[in-house]
Amino acid sequence: MLVLGIETSCDETGVAVYDSDRGLLAHALHSQVALHDPYGGVVPELASRDHVRRLLPLARQVLRGAGVQESDLDAIAFTQGPGLAGALLVGAAVANGLAFGLGIAAIGVHHLEGHLLSPLLEKNAPVFPFVALLVSGGHTQLMRVSGVGDYRMLGETLDDAAGEAFDKTAKLLGLSYPGGPALAKLAQRGKPDRFEFPRPMLEQLGKHGDLNFSFSGLKTAVVTLLRQRTLDEQTRADVAAAFQEAVVDVLVAKSLAAMRRTGLERLVVAGGVGANLRLRALLDARAARDGFSVYYPAMEFCTDNGAMIALAGALRLDRGSRIEDLGKPRGFTVRPRWDLATL
Ligand code: KG4
Ligand code: ZN
């Protein structure tokens, strides 16, 4: 199966060609970071308009790079949700228009399914079942993944997502958008133990094995601390390091608890925060000690990309599900809010 994947849920235009037999053939990404930077965050309408400009040229470039023709494609997978409605509509319209013109299937993919299957793009791919820690800008979830489309929620954030907490704290520290990578970089120069931030929801672990997360209190603790000090360069770095340490501690502890509770031996970490090196280092150390394996997507596929959408589409197609009427004219919907557990 040869699938073109299109990702436009937020501020990255991602396109890829994935082949069920040969793997990923080509991919390309256009990031809108520079476009949104002056506003300190993603401006939805600007995002949609930029996807309109970028998507078709990027698709042509990727098809050329893969050495395939449009007519070779078996299907076009697109991110149907969750995400920004206008941005999603651009990908959905282009995917459905192309699919209709070519007489092939258009497959609506759940963005988080793309993320959690993304480690399967790697040569050393995990086999099912596994626990997935999904940590992105919009979501923080622990899932039991038994197969494609077979996901059981073990825990999720009750307020901010981990990436969102990184982004908001980065803003407080005067770092530019997107804050997560900038904060992680600043933290490298900081001392993680100069300040002690709360580890929210960790105390519940022992008692009830609660696998939910909460990060908004942590952000408030940073606000309170920052109000009491003048921010010299070293203090900013120390706050960044202490904040990162607190988030990572919670993510690691809850992941370990999920491994214990499910009795599984493989942990998959996906989503933008999965690019965090401190998180990777701590998880790798615990995995070596406790005897389980951790799988990550390549760095470039941690954050939003077309490759994970093409892969998820191909896996859906291989399962024979969700193939909509081939080539028949039909409407399409996007789902800005969409619970992964309903798949
Ligand atoms: O998965 P993703 O690209 O988009 C969503 O689906 O949300 O994740 C983006 C999030 C942002 O919040 C970004 O700040 C965060 O991932 N992020 C990081 C790092 N790289 C990206 N957070 C912490 N450390 C990083 N190295
Ligand atoms: Zn994402």
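Please refer to the structure higher up on the page.
Residues numbered from 1 in each chain as written. Chains lettered and ligands numbered in written order. Predicted model: local features only at pLDDT ≥ 70, side-chain atom pairs only at ≥ 80, totals over all residues. Heavy atoms only, no water.

Asks: How should the coordination of the zinc ion (ligand 2) be read in this particular structure?
Replies: Around the zinc ion (ligand 2), the donor atoms from the protein are His111 (NE2), His115 (NE2) and Asp304 (OD), and they sit 2.0 to 2.1 Å away. Geometry at the zinc ion (ligand 2) is irregular, judged from its four donor atoms and the angles of 95 to 136° they form at the metal. We note that the donor set of the zinc ion (ligand 2) lies within a single chain, spaced as H-x3-H-x188-D. Linking His111 with His115, this pair stays in helix H4 (residues 111-117), spanning four residues, or about one helical turn. With a relative accessible area of 7%, His111 lands in the buried category. (Donors = N, O, S within 2.8 Å, 3.2 Å for Na, K, Ca; no water. Tetrahedral: all angles 85-135°; square planar, octahedral: opposite > 155°, others 65-115°. Helix = DSSP H or I, 4+ residues; strand = E, 2+ residues; numbered from the N terminus. Buried < 20%, exposed > 50% of the residue type's maximum accessible area, 1.4 Å probe, protein only.)

Asks: Whenever I open this one, the site of ligand 1 confuses me. Can you help?
Replies: What surrounds ligand 1 is a group of 19 residues, the closest being Gly137, Asp167, Gly180, Asn276 and Asp304. The backbone of Gly137 places a nitrogen or oxygen atom 2.7 Å from an oxygen atom of ligand 1. Of all elements in the fold, only H4, helix H5 (162-172) and helix H6 (179-187) reach the threshold of two or more residues within the shell around ligand 1. Of the residues that constitute the shell around ligand 1, the class distribution is six nonpolar, 11 polar and two charged. (Near = heavy atom within 4 Å. Polar contact = N/O pair within 3.5 Å; in protein donor to acceptor, adjacent residues only side chain to side chain. Nonpolar A, V, L, I, M, F, W, Y, C, P; charged D, E, K, R; others polar.)

Asks: Where do I start with unusual backbone geometry in this structure?
Replies: The phi torsion of most residues other than glycine is negative, and most of the peptide bonds are trans. Residue Gly81 is joined to Pro82 through a cis peptide bond whose omega torsion reads -10°. In this structure, Pro82 sits in the loop between strand E4 (75-81) and helix H3 (85-102).

Asks: What should I look at first to understand H6 in this one?
Replies: Along an α-helix, residues three or four apart share an orientation, since each turn contains 3.6 residues. Looking at H6, one finds that the buried residues are Gly179, Gly180, Leu183, Ala184, Leu186 and Ala187. Down the axis, H6 shows its buried residues gathered within 160° of arc, on one side only. Of the residues in H6, the exposed ones pointing more than 90 degrees away from the buried face are Pro181 and Lys185. Contacts made by the buried residues of H6 are with H5 and helix H9 (233-262). (Arc of directions from axis to C-beta. Contact = heavy atoms within 4.5 Å.)

Asks: Any chance you could explain H3 here in plain terms?
Replies: The end-to-end C-alpha separation of H3 is 25 Å, in line with the 26 Å expected for 18 residues at 1.5 Å each. Taken together, the buried positions of H3 are occupied by Ala87, Leu88, Val90, Gly91, Ala92, Val94, Ala95, Asn96 and Ala99. Where H3 is buried, its residues meet strand E1 (2-7), helix H2 (44-66), E4 and strand E5 (105-110). Gly103 sits one or two positions beyond H3 and adopts a positive phi of about 70°. (Expected span 1.5 Å × (residues − 1).)

Asks: Help me understand the pairing of strand E2 (residues 12-19) in this model?
Replies: Consecutive side chains of a regular strand alternate in pointing toward one face of the sheet and then the other. Most of E2 is tucked away: eight of the eight residues are buried. Burial of E2 is two-sided: the residues Glu12, Gly14, Ala16 and Tyr18 facing one way and the residues Thr13, Val15, Val17 and Asp19 facing the other way are all buried. Both E1 and E2 contribute to a ladder of six bridges, which runs antiparallel. For Ile6, the partnering residue across the bridge sits in E2 and is Val15. (Pairing = 2+ DSSP bridges.)

Asks: Even after reading the chapter, I still don't get the sheet that holds strand E3 (residues 23-31), so can you show me in this structure?
Replies: Think of a sheet as strands paired side by side through backbone hydrogen bonds, with each pair either parallel or antiparallel. What the five strands build is an open sheet, ordered E3-E2-E1-E4-E5; its pairing is mixed. Single-partner strands in this sheet number two, and they are E3 and E5. Between one strand axis and the next, the sheet turns through 20° on average, direction left out of account. Across the sheet, H3 touches E1, E4 and E5, and the angle it forms with E4 is around 155°. With respect to the sheet, helix H11 (residues 306-318) is in contact with E1, E2, E3, E4 and E5, its orientation differing from that of E1 by roughly 135°. (Axes fitted to C-alpha atoms, helices over the stretch in contact; angles between N-to-C directions.)

Asks: It is not clear to me how the pattern of salt bridges should be interpreted in this structure. Could you clarify?
Replies: Opposite charge on two side chains makes pairing possible when the charged atoms of those side chains draw close. The final tally for this structure, using the stated rule, is 16 salt bridges. Taking the shortest distance from any N to any O, the salt bridge between Arg316 and Glu113 comes out at 2.7 Å. Within this pair, whereas Arg316 is found in helix H11, its partner Glu113 is found in helix H4, the two being separated by 203 residues in sequence. Glu113 matches Arg316 in its accessibility class, with the two residues each being buried. Bridged by salt links that share partners, the residues Asp160, Glu164, Lys168 and Lys219 form one connected network. (Salt bridge = Lys/Arg side-chain N within 4 Å of Asp/Glu carboxyl O.)

Asks: Even after reading the chapter, I still don't get the nonpolar core, so can you show me in this structure?
Replies: In summary, soluble globular proteins display a tendency toward joint burial of nonpolar side chains. Counting 50 residues, the largest nonpolar core has Phe197, Phe215, Phe243, Leu251, Leu267 and Val269 as the members making the most contacts within it. Elements with a minimum of two residues in this core: strand E6 (130-135), H5, H6, helix H8 (216-227), H9, strand E9 (266-270) and helix H10 (277-290). In terms of residue count, H9 provides more of this core than any other element does, 16 residues in total. Core analysis: the second largest hydrophobic core is formed by 34 residues, Tyr18, Val109, Leu117 and Ile309 among them. (Core = buried A, V, L, I, M, F, W, Y, C linked by side-chain atoms within 4.5 Å.)

Asks: So what exactly am I meant to see when it comes to the packing of aromatic side chains here?
Replies: Each aromatic ring pair is specified by the distance between its two centres and by the angle formed by the two planes. Enumeration over the complete set of coordinates arrives at three aromatic pairs. A centroid spacing of 5.3 Å and a plane angle of 20° characterise the contact between Phe128 and Phe130, whose relative ring orientation is stacked. Overall, the relative accessible area of 30% leaves Phe128 in the partly exposed class. On the basis of relative accessible area, Phe130 is assigned to the buried category, the value being 0%. (Phe/Tyr/Trp six-rings, centres within 6.5 Å; stacked < 30°, edge-to-face > 60°.)

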